[in-house]
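Structure at a glance
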Amino acid sequence: MYELSGPRVAKTNSFVSKTDRRPSHSARKLLKIKLLRFWHGLCADLAMLKNYFKIAFRNLWKHRVFSLINVLGLAVGMTAGFLIFMFVRFELSYDGFHTKADRIYRVVADIKTPTEVINASGPAWAVPSHIKLDFPEVEDFVRVSQSSWLVRKGDVKFQEDHSLLADSSFFRVFDFPLLHGDPKTALTEPLSIVMSETAARKYFGDANPVGQTVLFSGDAFPAKVTGIMKDIPENSQIRADMLVSMSTLTKKLNPTLDDQWGNYGLTAYLLLKPGTNAAALQGKMPAFLERRNGKEMHAQQMTPTLFLEPMRDVYLHSTRDGSKTGNINNVYIFSIIAVFIMLIACINFINLTTARSVERAKEVGIRKVVGAARTQLAGQFVGESVLLCLIAFVITIGLSALLLPSFNVVAGKTISHGIFDNAWLILDLLLASIGIGLLAGVYPALVLSSFRPVMVLKGRFSTGTRGTLLRKGLVVLQFVISIGLIISTIVVSRQMNFMRSQDLGFNKDQMMVVDSNNDPGKDAFKQAITGMPGVLSTSTSSSVPGGGNMGAYSEIENVRGEMQIANLDLYFVDYDYIPQFQIKMAAGRPFSREFGSDTTQAMVINEAASKLFGYPSPAAAIGRRFKQWGREGTIVGVTKDFHFRSLQQKIAPLSMRIEPHGTQLVIAKVSPSNLPATISAIEGKWKTLIPNRPFSYTFLDESFDKQYKSEERFGKLFLQFAVLAIFISCLGLLGLASYSTLQRTKEIGIRKVMGASVGSIVNLLSKDFLQLVIISFFIAAPLAGWLMYKWLENFAYRTHLAWWVFLASCLLALVIALGTISVQAIRSAVANPVRSLRTE
């Protein structure tokens, strides 16, 4: 037998197996006590939490209006921030879906001539293939070029303007998945086409069309459908409804194109091998060009410099013509606005919660007397703050889902089909809501829980001057942001109005533009509609203002009598174009049927071109020689400068020549009266004379104004979010006014008893706040003025920063602030003083 005796173990006759060991009675009793203590503690904590929630909801319900304002301000701020961040995230996501995006670079060129540097968005046609041959670090290349084709399948025909010519390597470089067809061979053979789902459905319905044939260019070419790709996502800079094999152009239509070093007009991408240093490769380009094409470059006095742009940077960062459809500055601006709005909402929460702290002072005092610790009180108030933020989060999700379709319309793109497409962003918003609740609840919690119970219960307490200064500082910050947004909104609106009302130098009203795509029936169509009822005049051209145009390598006699090389924008026109558009002549004459040589030996230039060649006046350019694209002759006229491009760009040197075979656009100036009948009559003539092509038209004023769509969208979004920021700021000001009047209840009562008028009390309560607004203005005005000055520099033709913009912003802020404060001030001024003094 074993007995326990100190450390020794005594032997016993009883046998106890290891699996039969059980805790002693005392151990079981101790464990039971611990479990009971844990259970009672858990129940107590749950009861405390239940009590906290009960108190929180009771306070929310008791002050329903205050709670609604608080939650609404927070929810509106978070909704605005959420929608803006969805927009920003979408803009930053462009081309990110390509798995090799970090290795894809766009090749661009700066072409130096004796007179200028041309920033081209692509290299010469021969460059990409020869780079692949000369540099082993290049894995692949792909060229794409805009094209337009008349496509017919049976009786179904469409002019496919959103088409691209693309190399067979297109699907090796980019991740545009094919639903049908082989991506390795889909674009190999000439006259092979790949359609998007949407385009294929127009011609073939829901059937698989791979292997079927469609007819191109008025039935001239049968093209084979070799693939169907998913519709290209909206966050792609490469946009197309149809891809046509590049070999259609380089092997069938223009076999010499692959060896042309001076022909620009395509977009090219390189896929670099993993680990390749793009900057080092770019540094090898000058020697490559000299080796491959140096002799021709020197002879033509055109020296290109090649650059490699990361594909992910092209959409937002590139400034080259034809490529910049996004704007990184707008992304920065909207990101800052989102942060400001959410910051204002958070500031409001602090101000509004603190403003109501007086009403809960006695609650805090009593709870402290009965033993509540400061940490418990602070925890409760932080918890209430987080609860409000979570309620605001739920409202934010609902508001965002409701407003997203409208936001997509205003943004001009589908940034998301539903808010739940952005699960990670919602999670971020939830965490941000909790963070705002913690951050916004800390200061009020510390203020409320720091009240001394004796002073509170005696009715003698104060939150101190430090708290007052903090709240005033936060209001100043809010109104610095708000006034800055007011100034910016007025400047943006003025610039938009300036661009819309600027004298363009030509008449764009009631100009109906029909693209004939150089159909043989074009001239007969123009002749048939000329003189029709409702048609005031007609002309033909290769381009219209606001549309794209060609650039021509030209030699013009300069002021010294030398033939000077320059790249000029080029319009092919007819005799009627300049009179129809009411373009004024600065010197010389427009084209005229009285001069037979005008069709082959005459050129008209604009004032910018005459200045480029050094002429002191437009008249000095008349009679000077020119050489352009195989034509030689003299300059017969100089037009006054007109804006054939956006007002964001300076008026460039322009040349015009008569070239009947290059004028595919038919322009009819129509009368505004009985317009539908006029359009119907024009369509009837089209169907008779050009039956193989679908009839479509645009009005020049609408297409010209499309150049400013991104700026107009920016202005609308800016205005809407500025109004939201001001609205939320007013809620914060209302909170501080509420706090101030509560603190001065006794003073107001005494003043009223002593005979003070309502006006004097309103003035008393408003004066301090209006001073804060004025201080905010003097901080905001120089900052906003400098930022708007920088923003206006993006426009070649712009409005100026007028002094009245700042004055109007200040007055508007004062009126808004006074209106907000007056709500609470008048309410306090007309209150019964006896009641307030009895309360005190």
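Quick note: structure is the one above.
**Some remarks on the overall build of the protein**
When its secondary structure is counted, the protein shows 26 helices and 24 strands. Counting across all 840 residues of the protein, residues that qualify as buried make up 48%. Taking as baseline every contact in the protein between residues at least 6 positions apart, the subset at least 24 positions apart corresponds to 79%. If you sum the accessible surface of the protein, you get close to 40400 Å²; carbon and sulfur atoms cover 59% of it.

**Brief notes about the pairing of strand β16 (residues 550–557)**
Pairing between β16 and strand β17 (residues 563–573): 8 bridges, direction antiparallel. Bridged to Gly-551 within β17 is Asp-569. Bridge analysis of β16 against strand β20 (residues 625–628) gives 3 bridges, and the strand direction is antiparallel. Bridge pairing in β20 links Ser-554 to Gln-628.

**With respect to the pattern of salt bridges**
Counted by the stated rule, this structure contains 26 salt bridges. Of the charged contacts in the structure, one is a salt bridge between Asp-574 and Lys-526, with a shortest N-O distance of 3.0 Å. You can see Asp-574 sitting in the loop between β17 and α17 (577–580) and its partner Lys-526 sitting in helix α16 (residues 522–529), a full 48 residues away along the chain. For the pair Asp-574 and Lys-526, one class covers both residues: buried. Between Arg-589 and Asp-598 there is a salt bridge, with its nearest N and O atoms 2.8 Å apart. Of the residues examined, Arg-589 reaches a relative accessible area of 21% and is grouped as partly exposed. Members of the salt-bridge network, linked through shared partners, are Lys-526, Asp-574, Asp-576 and Arg-593.

**Looking at α16**
Looking only at α16, the buried set comprises Lys-522, Phe-525, Lys-526 and Ile-529. Taken down its axis, α16 places every buried residue within 100° of arc, on the same side. Its buried side turned inward, α16 meets β15 (535–541), β23 (665–670) and α20 (675–689).

**So, the environment of Pro-545**
Position of Pro-545 relative to the elements: it lies in the loop between β15 and β16. Judged by relative accessible area, which is 2%, Pro-545 ranks as buried. Between the alpha carbons of Pro-545 and Tyr-571 there is a distance of 9.9 Å; along the sequence they are 26 residues apart. Beyond its immediate chain neighbours, meaning those up to four positions away, Pro-545 contacts Phe-506, Tyr-571, Tyr-577, Phe-581, Phe-642, His-643, Phe-644, Leu-700 and Phe-704.

**Considering α20**
Here α20 is 15 residues long and its end C-alpha atoms lie 21 Å apart, about the 21 Å a rise of 1.5 Å per residue gives. Within α20, the full set of buried residues consists of Leu-675, Thr-678, Ile-679, Ile-682 and Trp-686. Along the axis of α20, the buried residues cluster in a sector spanning 95°; they form a single face. Exposed and oriented more than 90 degrees from the buried face of α20 are Pro-676, Lys-687 and Thr-688. In this structure, the buried side of α20 is in contact with β14 (511–515), α16, β15, β23 and β24 (698–699).

**Brief notes about the packing of aromatic side chains**
Inspection of the entire model under this criterion finds 35 aromatic pairs. On the numbers, 5.7 Å between centres and 40° between planes, the contact of Phe-695 with Tyr-697 is tilted. Owing to a relative accessible area of 35%, Tyr-697 belongs among the partly exposed residues under this scheme. Here the aromatic cluster, defined as three or more aromatic residues joined through ring pairs, consists of Phe-87, Phe-334, Phe-407, Phe-714, Phe-718, Phe-721, Trp-791 and Phe-795. Above the plane of the ring of Phe-158 lies Lys-202, whose end atom (NZ or CZ) is 4.4 Å from the centre.

**Overview of the environment of Lys-472**
Along the chain, Lys-472 turns up in helix α15 (residues 465–501). Residue classification places Lys-472 among the partly exposed residues on the basis of a relative accessible area of 30%. For the pair formed by Lys-472 and Leu-772, sequence separation is 300 residues and the distance between their alpha carbons is 7.3 Å. In this structure, Lys-472 is in contact with Leu-736 and Leu-772, ignoring residues within four places of it in sequence.

**Observations regarding the packing of helix α3 (residues 127–134) against helix α8 (residues 285–300)**
At their nearest, the axes of α3 and α8 sit 11 Å apart, and the two run at 105° to each other. Comparing their axes, α8 and α3 come out roughly perpendicular. Only Met-285, Phe-288, Leu-289, Arg-291 and Arg-292 of α8 make contact with α3, whose side of the interface consists of Val-127, His-130, Ile-131, Leu-133 and Asp-134. Looking at the contact of α3 with α8 residue by residue, the classes come out as 6 nonpolar, 1 polar and 3 charged.

Quick notes on the rules
- Residues numbered from 1 in each chain as written.
- Predicted model: local features only at pLDDT ≥ 70, side-chain atom pairs only at ≥ 80, totals over all residues.
- Heavy atoms only, no water.
- Helix = DSSP H or I, 4+ residues; strand = E, 2+ residues; numbered from the N terminus.
- Buried < 20%, exposed > 50% of the residue type's maximum accessible area, 1.4 Å probe, protein only.
- Contact = heavy atoms within 4.5 Å.
- Areas by Shrake-Rupley, 256 points an atom, 1.4 Å probe, with all protein chains shown as cover.
- Pairing = 2+ DSSP bridges.
- Salt bridge = Lys/Arg side-chain N within 4 Å of Asp/Glu carboxyl O.
- Arc of directions from axis to C-beta.
- Expected span 1.5 Å × (residues − 1).
- Phe/Tyr/Trp six-rings, centres within 6.5 Å; stacked < 30°, edge-to-face > 60°.
- Lys NZ or Arg CZ within 6 Å of the ring centre and 35° of its normal.
- Axes fitted to C-alpha atoms, helices over the stretch in contact; angles between N-to-C directions.
- Parallel < 35°, antiparallel > 145°, perpendicular 65-115°, else oblique.
- Nonpolar A, V, L, I, M, F, W, Y, C, P; charged D, E, K, R; others polar.

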